[in-house]
Amino acid sequence: MTAAVRSSSLLGHDLIHRLMAERFQLFLLGHLAMYLGAGVLLSLWQYAFFLRSPWLLAIGAICTGQCVVLAVALRLARCGRYQHAITLDCIGNWVAVFLITFVSPSLLPAMVLAALVPVVFAQPYIRWRRGLVFAVITAGCVLALAALARFQHVVHWVGQAPPHWIETAFIVVALPMNAFHILVIAWNNAAALAVSESMLAERAAEVEASRRRLVTAADEERRRLERDLHDGAQQHLVALAVLIQLARTAADYDRHQPLLAEASGLLETAIAEIRRLAQGIYPPLLVSGGLAQALPALAAKAPGAVQLNLRGLGRYSASIETALYFCCSEALQNAAKHGGPGTTVTITAHVDDRMLSLTISDNGRGFEPATIGTGLMNMTDRLSAVGGKLFIDTAPGHGTRITASLKNPSRTAAAR
Amino acid sequence: MQHGKCGADTIVCGQSAWHDATVADARVRVWVVDDQASFRLATAETVAAADDFVMADEYQTGEAAIRFIPDDTAGIVLMDIHMPGIGGIEATRRIRAARPDLMVLLMSTYEVEDLPSGAADCGAAAYLCKEHLSPDLLTRLWRTAH
């Protein structure tokens, strides 16, 4: 059961996407909190209680602008538009740190750190080329900040310079906050990398095990085919050859009729045997009519009663149709094996924009989940190979429900 | 093994192991051991078409053949190689050890190159592909050995 769930590719991707979304929003919020706290609130607090300086209002106004930019970026991120969000944040941040350094060159160290923040956490969310461009622009921005701080006096800033202690207060607050923010991002990136690596290793091990099982299953299938051919059709044909030879060489013409009658019977048995075998290798209706036609034919051959509800099933790629068909076939065999007399099986299709699933449930005796046979394990691997998963819900005395589920491929894979 | 002219592969050549077998004018008894009903039927028809042979009995497993074929008797055992249980090769070995007068012919549908390793030294007189079975072949194999 655990293997059935773990072999799915959906879980890992979902988890990774969720973690990525959460991290992105967390960092944007941190960035926002920094500008709001150190830039807007600290400025207004000092303006209100200590010094009514236009310098403080200028810092507050610049930071308010960047807060608005960050709020918009946060909204974009919630819609999954990371590229736009990070671009907006970067541009707003470059402008803000430039303006703040222009207004107050002594804040340069804090602004240099602030300039680095977006590019440090943007990397997983944007394309490589854009990330490189952002990194180069940020380096240019840092250089420009240094130049501005060095030569700012040339432009003769006319505003009233604030007292030294106010600038010191900003540096004392903003510098550790920025440094801490960057460190948290760096730690988080490292932790995410470690988690990704361990998930990747686990997934690689699972894929390898699944591949080994699939290869073994394929080999066993070939052996079974050889045995079926050898013990079935071939034996009938051999006996047929002997009987025809006998009829051909028999001197007594009265012997011809009974020999040919027996030969004819063997020939029919051999044909039926080959038809059964071919059907088991790949059902012809699955090729021509898809699951909607092949499953009723499969149900008709099942030993017990089978109810079908296949509304919404379309045509999918051959690998998906084959995987789902043989899941149903395996589940029906399972029901016949474990269900007991009078077991009724129901096959229900659930199709929507996102998911495609088939549920095969029976009211039979059920079985101990720990005793899952190789057949169902192979089906799990097979579904996993097409990006799906198999859920087996059973217990002795409670029937069995097997659900084969995968992302609806109609929108991505061209149906034949 | 050599490929015989009569369509069978001779496994044991040279001296006959059943030189003191049946009385010359008595019909030779034939047992068939095969888990496939269709081939037992074909064997019965073949034996019925051969004047010198008579169907003694048929068995589905090697174990049954060992148990039920009479001890002091001569004749031919047509033994399928691949059967459930001990299989044809081990059955041949035991039958030949207990009843040296019986001539065992191994049969299967495989090519002679694909036979299991024990086929050559289990005491069988010859290997024949099942589709080559005919009254004529039975007669020639029996006469060659006698």
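Calculation rules
Residues numbered from 1 in each chain as written. Chains lettered and ligands numbered in written order. Predicted model: local features only at pLDDT ≥ 70, side-chain atom pairs only at ≥ 80, totals over all residues. Heavy atoms only, no water. Contact = heavy atoms within 4.5 Å. Buried area = accessible area lost by both parts, 1.4 Å probe. Salt bridge = Lys/Arg side-chain N within 4 Å of Asp/Glu carboxyl O. Axes fitted to C-alpha atoms, helices over the stretch in contact; angles between N-to-C directions. Helix = DSSP H or I, 4+ residues; strand = E, 2+ residues; numbered from the N terminus. Parallel < 35°, antiparallel > 145°, perpendicular 65-115°, else oblique. Nonpolar A, V, L, I, M, F, W, Y, C, P; charged D, E, K, R; others polar. Buried < 20%, exposed > 50% of the residue type's maximum accessible area, 1.4 Å probe, protein only. Pairing = 2+ DSSP bridges. Core = buried A, V, L, I, M, F, W, Y, C linked by side-chain atoms within 4.5 Å. Phe/Tyr/Trp six-rings, centres within 6.5 Å; stacked < 30°, edge-to-face > 60°. Lys NZ or Arg CZ within 6 Å of the ring centre and 35° of its normal. pLDDT = per-residue confidence, 0-100.

(A) Region of interest: the interface of chain A and chain B. On the side of chain B, 15 residues touch chain A, which itself brings 16 residues to the contact. Here chain A packs against chain B, burying approximately 1400 Å² in sum over the two surfaces, 61% of which is carbon and sulfur. Looking at the side of chain A facing chain B, the largest losses of area belong to Q235, V242 and L246 of chain A, adding up to 33% of the total buried there. Linking chain A with chain B are one salt bridge. With a closest N to O distance of 2.4 Å, R255 of chain A and E45 of chain B form a salt bridge.

(B) Focus on the packing of helix α5 (residues 108-122) of chain A against helix α6 (residues 128-151) of chain A. Residues and elements named next belong to chain A. Look at α5 against α6: their axes get within 10 Å of each other, and the N-to-C directions meet at 170°. The angle between α5 and α6 falls in the class roughly antiparallel. Residues L108, M111, V112, A115, L116 and V119 of α5 form the contact with α6, whose participating residues are F134, A135, T138, V142, L145, A146 and A149. Considered class by class, the residues forming the contact of α5 with α6 number twelve nonpolar, one polar and no charged.

(C) Structural context of the side chain of T73 of chain B. Among the secondary structure elements, T73 of chain B is positioned in the loop between α2 (62-68) and β5 (75-80). Classification of T73 of chain B by relative accessible area gives buried; the value is 10%.

(D) Region of interest: the sheet that holds strand β2 (residues 344-351) of chain A. All names here are of chain A. Spatially, five strands are ordered β1-β2-β3-β5-β4 in an open sheet, and the strand pairing comes out mixed. The open sheet has two edge strands with one neighbour each: β1 (305-309) and β4 (388-394). This sheet shows a mean twist of 10° between the axes of neighbouring strands, independent of strand direction. Two elements, β4 and strand β5 (residues 400-407), share seven bridges in a ladder whose sense is antiparallel. Looking at β5, one finds that I392 is bridged to I402. Lying on the sheet, helix α12 (residues 318-338) is in contact with β1, β2, β3 (355-362), β4 and β5; it crosses β3 at an angle near 10°.

(E) Examining the nonpolar core more closely. All names here are of chain A. Ranked by internal contacts, the top residues of the largest apolar core, which has 47 residues, are F24 and Y35. Those elements giving two or more residues to this core turn out to be α2 (9-49), α3 (54-78), α4 (82-103), α5, α6 and α7 (164-231). When residues of this core are assigned to their parent elements, the largest contribution, eleven residues, is made by α3. Ignoring sequence-local partners within four residues, the contact set of Y35 consists of V40, C63, Q66, C67, L70, N93, A96, V97, I100 and A114.

(F) View of the pattern of salt bridges. Under the defined criterion, the tally for this structure stands at 18 salt bridges over all chains. We note a salt bridge from R213 of chain A to E206 of chain A, for which the minimum N-O separation is 3.5 Å. Owing to a relative accessible area of 23%, R213 of chain A belongs among the partly exposed residues under this scheme. R140 of chain B is the partner of D136 of chain B in a salt bridge, and the nearest nitrogen-oxygen pair spans 3.2 Å. Here the residue D136 of chain B and the residue R140 of chain B both occupy positions in helix α4 (residues 135-145), the gap between them amounting to four residues, near one helical turn. Take D136 of chain B: its relative accessible area is 44%, and that puts it in the partly exposed class.

(G) Spatial organisation of the packing of aromatic side chains. As enumerated under the stated definition, the model contains eleven aromatic pairs over all chains in all. Plain terms: the ring middles of F50 of chain A and W165 of chain A are 6.0 Å apart, the flat faces sit at 80° to each other, and that makes the pair edge-to-face. Highlighted residues: F50 of chain A in the loop between α2 and α3 and W165 of chain A in helix α7, separated in sequence by 115 residues. Against the face of F39 of chain B rests K130 of chain B, its NZ or CZ located 4.8 Å from the ring centre.

(H) Local environment of the confidence of the model for chain A. Residue and element names in this part refer to chain A. Per-residue pLDDT for chain A averages 85, and the proportion of residues at 70 or more is 93%. Mean pLDDT in chain A bottoms out at helix α1 (residues 2-6), which sits at 39, and peaks at β2, which reaches 94. Long-range and interchain partners of residues 1-11, a stretch whose pLDDT sits below 50, account for 25 contacts in this model, where long-range means more than four residues apart. Counting interchain partners and residues more than four positions distant, the pLDDT-below-50 stretch residues 412-416 has seven contacts.

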